[in-house]
Amino acid sequence: MVESNVTLGSQTLLSVLNATTDLQVTDRNGSSHTVTILQSEVAADCLIIEDQTSCNCSVGFVWSNEVCYTTGCCRETTCKQNVSHIAPLCIPKVNVQINGSVTLSTSGAAWSSNKFSKVVKEIEKLNGLQYINFTDNRTNAVDFEAAVSVKFPTSRLQDVVTNVEYQLTAVVLVDTLGMVTIKTPGTIVQYQSDPLLNCTFEEATDSAGWNMSRPHERFELNNGTVVKLNYRCATEEYMSCVAVTLQKVIGIYEGTYECGFMKGSVRHIAKTYLSVALLPDLITLKINPLALDCSKSSQKDVVVTATILNSPENFKVWWSLKGIKQSELHNTSLNYSLIYTFKASISCQKTMEAQYVNVTFENKLQQIKSARVDIPVIYDGEKFCSEEEINGQYWPKSPSGDTVINRTCPEGRVGFKSRTCDGTTWQPVFSSCVSEELNKVYAEAGKFSMGLGAIQEVAMNIFAGLKNSSIYDSGSDDSMADIGASINILSVMAVGSENVALQEEVFPDFVDAASNMLNKSWGGINSSTAHNMSSDYLQSVEGLVKNIKVKNSSTITSQNVDLKFCSGDGCNVSAFDIGVNLNKSSGIMKTVAVKNLMDKLRNNFHRTKATSLLLSVTLEDSNDTALEITLDFPIEKMKSTIPLCVFWKIEDREWSGEGCVIKSSDGNRTRCECNHLTSFSVLMAKSDISTDILDIITYVGLGVSVCSLLIFLIIETLVWSAVVKTNLSHFRHTAIVNIAVFLLLADCCFLASSFPETLSDSTCLVLTICKHLFFLAMFSWMLCMSVMLVHQLIFVFSPLRKRVFMFLSSIVGYLCPILIVGCSYLYSKYTDKPYYNKDTCWLFFERVLEGSVHAFLLPVGTVILTNVFSMVVVIVTLMKSSVPDGKSDEKETIKSIIKVVVFLTPVFGVTWVIGFFLLILDGDDPMFHVANYSFTILNSFQGLFILITGCIAEQKVRDELFKIIMAKSKGKSDSTKNLNSTTYTKEK
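Below you will find a few notes about this structure.

Conventions and cut-offs
- Residues numbered from 1 in each chain as written.
- Predicted model: local features only at pLDDT ≥ 70, side-chain atom pairs only at ≥ 80, totals over all residues.
- Heavy atoms only, no water.
- Helix = DSSP H or I, 4+ residues; strand = E, 2+ residues; numbered from the N terminus.
- Rg over C-alpha atoms; globule rule 2.2 N^0.38 Å.
- Buried < 20%, exposed > 50% of the residue type's maximum accessible area, 1.4 Å probe, protein only.
- Areas by Shrake-Rupley, 256 points an atom, 1.4 Å probe, with all protein chains shown as cover.
- 1 Å grid on protein atoms, 1.4 Å probe; cavity = no way out; pocket = protein on both sides within 12 Å on 5 of 7 lines; lining within 4 Å.
- Points joined across faces, edges and corners; volume = space filled by probe spheres on them.
- Nonpolar A, V, L, I, M, F, W, Y, C, P; charged D, E, K, R; others polar.
- Phe/Tyr/Trp six-rings, centres within 6.5 Å; stacked < 30°, edge-to-face > 60°.
- Lys NZ or Arg CZ within 6 Å of the ring centre and 35° of its normal.
- Pairing = 2+ DSSP bridges.
- Axes fitted to C-alpha atoms, helices over the stretch in contact; angles between N-to-C directions.
- Core = buried A, V, L, I, M, F, W, Y, C linked by side-chain atoms within 4.5 Å.
- Disulfide = S-S within 2.5 Å.
- Expected span 1.5 Å × (residues − 1).
- Arc of directions from axis to C-beta.
- Contact = heavy atoms within 4.5 Å.
- Parallel < 35°, antiparallel > 145°, perpendicular 65-115°, else oblique.
- Left-handed = near helix turned anticlockwise from the far one by under 90°.
- Patch = residues over 30% accessible without salt bridge, like charges linked within 9 Å, V, L, I, M, F, W, Y side chains within 5 Å.
- Salt bridge = Lys/Arg side-chain N within 4 Å of Asp/Glu carboxyl O.

## Digging into the overall build of the protein
Then step 1. Each helix and strand counted, the protein has 19 helices and 55 strands in total.
Then step 2. Taking 30 Å as the expected radius of gyration for a compact globule of 988 residues, we find that the protein reaches 46 Å, considerably beyond that expectation.
Then step 3. On the principal axes, the C-alpha backbone points of the protein span a range of 165 × 75 × 70 Å.
Then step 4. Looking at the protein residue by residue over its 988 residues, the buried ones come to 44%.
Then step 5. Total accessible area on the protein stands at roughly 51,700 Å², and carbon and sulfur atoms take up 55% of it.

## Some points on empty space enclosed by the protein
Then step 1. Summed over all chains, the structure comprises one cavity of 30 Å³ or more.
Then step 2. Volume-wise, the largest cavity comes out at about 80 Å³.
Then step 3. Together, I98, V102, V119, I123, L126, F144, L157, V160, V161, V164, V172 and V174 line the largest cavity.
Then step 4. Residues of the lining of the largest cavity, tallied by class, amount to 12 nonpolar, no polar and no charged.

## Considerations on the packing of aromatic side chains
When we look at a pair of aromatic rings, we describe it by the centre distance and by the angle of the planes.
Then step 1. The tally for this structure, following the rule as stated, stands at 23 aromatic pairs.
Then step 2. Summarising the aromatic geometry, the rings of W111 and F116 are spaced 5.1 Å apart at their centres and angled 40° between planes, so their arrangement reads as tilted.
Then step 3. The ring centre of Y69 lies 3.9 Å from the NZ or CZ of R156, which sits over that ring.
Then step 4. Directly above the aromatic system of W318 lies the positively charged group of K325, at a separation of 4.4 Å from the ring centroid.

## Describing the sheet that holds strand β24 (residues 316–321)
To summarise the sheet geometry, strands pair through backbone hydrogen bonds and adopt either a parallel or an antiparallel arrangement.
Then step 1. Sheet architecture is open: four strands sit in the order β25-β24-β28-β29, paired in antiparallel fashion. Both edges of this open sheet fall to β25 (324–328) and β29 (368–374), since each of them pairs with a single strand only. Mean inter-strand twist for the sheet, computed between neighbouring axes without regard to direction, equals 25°.

## Brief notes about the nonpolar core
Then step 1. Ranked by internal contacts, the top residues of the largest apolar core, which has 84 residues, are W210 and Y253.
Then step 2. Core analysis: the next-biggest nonpolar cluster, separate from the first, contains 56 residues, I487, V541, V561 and M598 among them.

## Some thoughts on the state of the cysteines
Then step 1. What the rule picks out here adds up to 13 disulfides.
Then step 2. The disulfide partner of C409 is C433, and the S-S distance across this bridge is 2.0 Å. Residues C409 and C433 share a disulfide whose torsion about the S-S bond is about -75°; that sign makes it left-handed. With C409 in the loop between β35 (403–406) and β36 (413–414) and C433 in the loop between β39 (430–431) and β40 (434–435), this residue pair connects regions lying 24 residues apart in the sequence.

## Structural notes on helix α6 (residues 456–471)
The periodicity of an α-helix, 3.6 residues per turn, causes residues three or four positions apart to be oriented the same way.
Then step 1. The terminal C-alpha atoms of α6 lie 23 Å apart, and with 16 residues this matches the ideal 22 Å at 1.5 Å per residue to within 8%.
Then step 2. Within α6, burial applies to A459, I462, F463, G465, L466, S469 and S470. Around the axis of α6, the buried residues are gathered within 160° of arc, so they sit on the same side. Turned more than 90 degrees away from the buried face of α6, the exposed residues are E457, N461, N468 and I471.
Then step 3. On its buried face, α6 is in contact with α5 (436–450), α7 (479–497), α8 (507–517) and α9 (527–547).

## With respect to the packing of helix α10 (residues 692–723) against helix α11 (residues 727–752)
Helices that pack against each other are described as a pair by the angle of their axes relative to one another and the distance between those axes.
Then step 1. In contact at an axis separation of 9 Å, α10 and α11 are set at 150° when each is read in the N-to-C sense. If you check the angle between α10 and α11, you find them roughly antiparallel. When the axes of α10 and α11 are compared, the crossing they make is left-handed.
Then step 2. Among the residues making up the contact of α10 with α11, the classes are represented as 18 nonpolar, six polar and two charged.

## Let's talk about a nonpolar patch on the surface
Then step 1. On the surface, a cluster of nonpolar side chains totalling about 460 Å² of accessible area is made up of F807, L808, I811, L815 and L819.
Then step 2. Among the structural elements, L808 can be located in helix α13 (residues 802–830).
Then step 3. L808 gets classed as partly exposed once you look at its relative accessible area, which sits at 45%.

## Section: the packing of α8 against α9
Then step 1. Where α8 meets α9, the axes come as close as 12 Å, and the angle between the chain directions of the two elements is 165°. Considered as vectors, α8 and α9 are oriented roughly antiparallel to each other. Considering the relative orientation of α8 and α9, their crossing is left-handed. Two secondary-structure elements touch here, α8 through F507, F510, A514, S515 and M517 and α9 through Y537, V541, L544 and V545.
Then step 2. A per-class count over the contact of α8 with α9 returns eight nonpolar, one polar and no charged.

## Things to note about the environment of A277
Then step 1. Following the sequence through the fold, A277 ends up in the loop between β20 (266–276) and β21 (284–288).
Then step 2. For A277, a relative accessible area of 0% puts it in the buried group.
Then step 3. Considering only alpha carbons, one finds A277 and V249, 28 residues apart in sequence, at a separation of 9.8 Å.
Then step 4. Residues in contact with A277, not counting those within four places in the same chain, are I188, V189, Y191, E313, N363, K364, L365 and Q367.

Spelled out as C-alpha cells, the structure:
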C-alpha cells in the first residue's frame, strides 16, 4: 500500500518497484527476508478527499472478504466506505461454482416465487456473486447453481444453508468447486507407474475422501492393494489435506478423480482427469494348429491370433519369432475386441530350444508389453499322444510333456481347459472354465480389493452374487473350476476386508456361500490341488470372520458353517456341538465351526485319521495377551485310537500340536486346552504299537531272515538233484523254494521302505506294489503246499502228476497274485481312491471293507484258514494212524503232532494269524502287547525258521550236505598228500 498525492501516478510506482531487484522485508514473526519481485500490478486505487473516500478494484480483481463482510462493499464497482486501510483491499478473481439442492421437508409443500426469492436473497449475501440459476424445478425440490469470484469462509456458506433450511423448513445440500487446490503428476502417466494426487484446503474440515468416475461408473476410493490414501499431509497453510497414491496403474484407473472435504452441510470438491498411457492388461494368444507334426516335413506354418480388449490407445504392434523381430501388425475389430492375426513358418529341424513367437505392444510413451506362446513340435522319432475328441472337444496330436490349452468352453462359461501329454498317454482334462456370472463377481471382488468402490454396499452385492452362484451345481468337470473361483473370491475379499471395515450385514450371504462350497464334490483334481484350495478356503473364512465388525448378531448357521459370537468377560458357546470356553476381559469372541473340510486339508500327522469337525476362534477389539481356551469336541473315540489336539498352522499349511494338550477323553468327547487362537480340530491316531524294542526286533529279525533265506537257497541248489527224486519231494521242494524266494524279496522291500519320509512318491509306490505282490505270492505257494499235502493224505492211491501240479501251482502262485495286485491298483486309480499310504509305504486303510489293504487281508486270511484246516487234517490223520496200545504210543503220537505243528507253521504262514487278532484286540488290553511282540518275533524271524524246518531238520538234506562237505574235505586231503609225495621225489 502506497500513500501519495494525486500527482504521483500508479505507473510511476510500478516502474520504481520493477527497477528494484531485492527488497529487505520483515515478516510477522520479526524475521528479515530478502524478496525478489517477479511481477507487479495495481490491485486497487482510492481517492481520499478530506473525509470522503472512493475506492475501485482494478480489472481482474474483486473486493476482499474483509471489505465485503465489514463494510458491505461486495459487488459494487466503487466503494464509498473508508476501506483504504484494509489489506488486502482487492484480491484476484477466481471462479468458484456452487451447486446445491433444496428439498422441502413439509409434506405437500410446493415451490412458489416467494420461496425462490428467499433462496436468492440468502445467496446474494456471498461476496463476489456473479449469478444464480435454478436448473431443475420439481414439486418439492429445486436444484440451483451459482458462481462467485472469490473464495469465502465455509462458515459464510453454512450460514446461508442454515438460514434457507430454517426459513423454508427444508434440507439443503451444497457442493463447491474451486475452493480446493488439487495437484496431479501431469496430463498423462505411464502404465504401471505410481502417480500421486494431492488435495488441500485452507480450513479444518470434518472428513475427506476421493472418488473416481468413468462413463456409466463411479467408485468411492478406499485403501486397498492399489489405492493408498493419506490423510496426514496437512500443513500450517493448508489445514485439511487428503492424498491418494495409485500403485502400478493400469487402464482401469483412467478417469475423472474427485476429492472432497466435508464441513457441516457443505462439501468442497476438486476434479482432475488422469490419463494413462495404456497397454493391454491381458493379451490372449491362440495358435492353429495347437501342435505341429514335423515328423515328415522340413517346415510347418502356424496361424497365431492375438486378442486384446478394445482400447482408445493407438498401439504400435509387431511379432517376433524366437526373439527376432519380424513385421508390424494391424488389427481388425470384433465386438469389444481388437484382433491381430499372422502366419509364422516354423523350422522342423530338431532343436532342444523351445519354438515360440512373441507379440509386442508399444504405447505413446514408448512403453512395451509382450506376450509369448510356445508352439509344441513333434519331431521325428519322439513320443507323442494321438489326437482325441472327448465330449466335443478336440485334443490334437501333441509331443510328450506338452500341456495343450483349449480355450473353448461350454456356453455360459469363460476360461480354458488344459490337458497334458505324458509319454504316449493323455492325462485327465483339467477345466478352468468358470461361470460367466461368477467371473463377473470375481471381477467386482478384484476392484473391491484394489480399493475401487470398496464400500459396504458393494461388498453385500459381491457376497450375494457369490451365494447365488454357489447354489448352482453343473454336475460336470467345470464344478471344480467354479469352486476354485469361489475360493479365490473369498481370498480377495479377505484381503479387502483388512482395509475396509465391513459390517455384520454381510454375514448371512457370506456364510451361506461358504457353506455351499462344501456341499459339492471336490473330485477331478489331484490331492495337492485339493490341499491348497482347502487351506485357502480356511484362511479366507477365518480372515473374513475376524475382520467383519459385529454389533448385534449372535448366531448365523448354515448346513456346513455355524457362526457364533460372544461378548463380555467370559464366553461359553457351542457350535455344531463343539463346546468353547474362553476367559477374556475384552473384545468379541467369534467362533465358526466347519463341516466337510477336514478330509480336504493336508494331514501331515502320520498314521492319523481326520475327524469331521473344525473350529476357528478369533477375537475382535481385544487387548488380552495371555489366553487359554477350552474346546470340547463331540468325537467318538474309535477302538485302539488316541485323540490328538491340533491347530492349523496357516504359514506352513499343516497341522501342529504346539500349545495344545488333551485334558480328557472318554468314549464320546475329547477336551482340549490351548494357549492361542486359530483353527482347531482333533486327529485320531491308531495306538502307537511301535516301540524302540519292537523296531530293533524287526530289523534284527529281518536281517537274520534275509541271511537265512540266502543260505537256504544256496543249500537247496547244492542238494536239489540228490533230494528231489520223487514227485512228492519235487512238489515239496518247489513250493518251499518259491516261498523262500518271495519271502526274501518281500523282506528286502520291507527293509527298503523302513523310512518312508526319505522316499519319493514314485519309490514308495513301487515298494508298496512289490511288497503286496511278493507277500501274496508267498502265501499263494503256501496254499499250494498245504493243498498238495492234504491231497496226498486223502487220496493215497491217486497221486498228483508232476505236470498237473506245476500247471496249477503256477496259476495259483504266479498269476493270481499278479491279477489281485493289478486289479486293486487299477481300481484305486480309476475310482480316485488312494492305493497306498505315503506315510507308511503300505496299502491304504480307510475303514472296514474299504481301502486297498483289503486286497491283501482277504486273500491272506483265506490262505491262512485253508492252511490251518490242512494242519488239522494232518494231525487228525496222524491220530487215526496211531494204535493206542500203551503210553509209549500215545507219547509218540504227541511228539508227531508237535513235530507237524513246528515244521508246518513257518511254511504254512500260520504265525500271521496273530496279526488278525491285533486288528480285533483293543490297544489297552494286556493281551494286545503279548500278541504284538509274538507277531513281530515270529514273523521277522520267519526266514530263520524256514531254514531250520525246511533244510536243517530234514534228514536227506543234512545227509547230502554232509556228503558234499566231506567230499570237498577228502579232495583237499588227497591233494595235500599228492603235493607232499611230489616234493619228496624231487628232493630225493
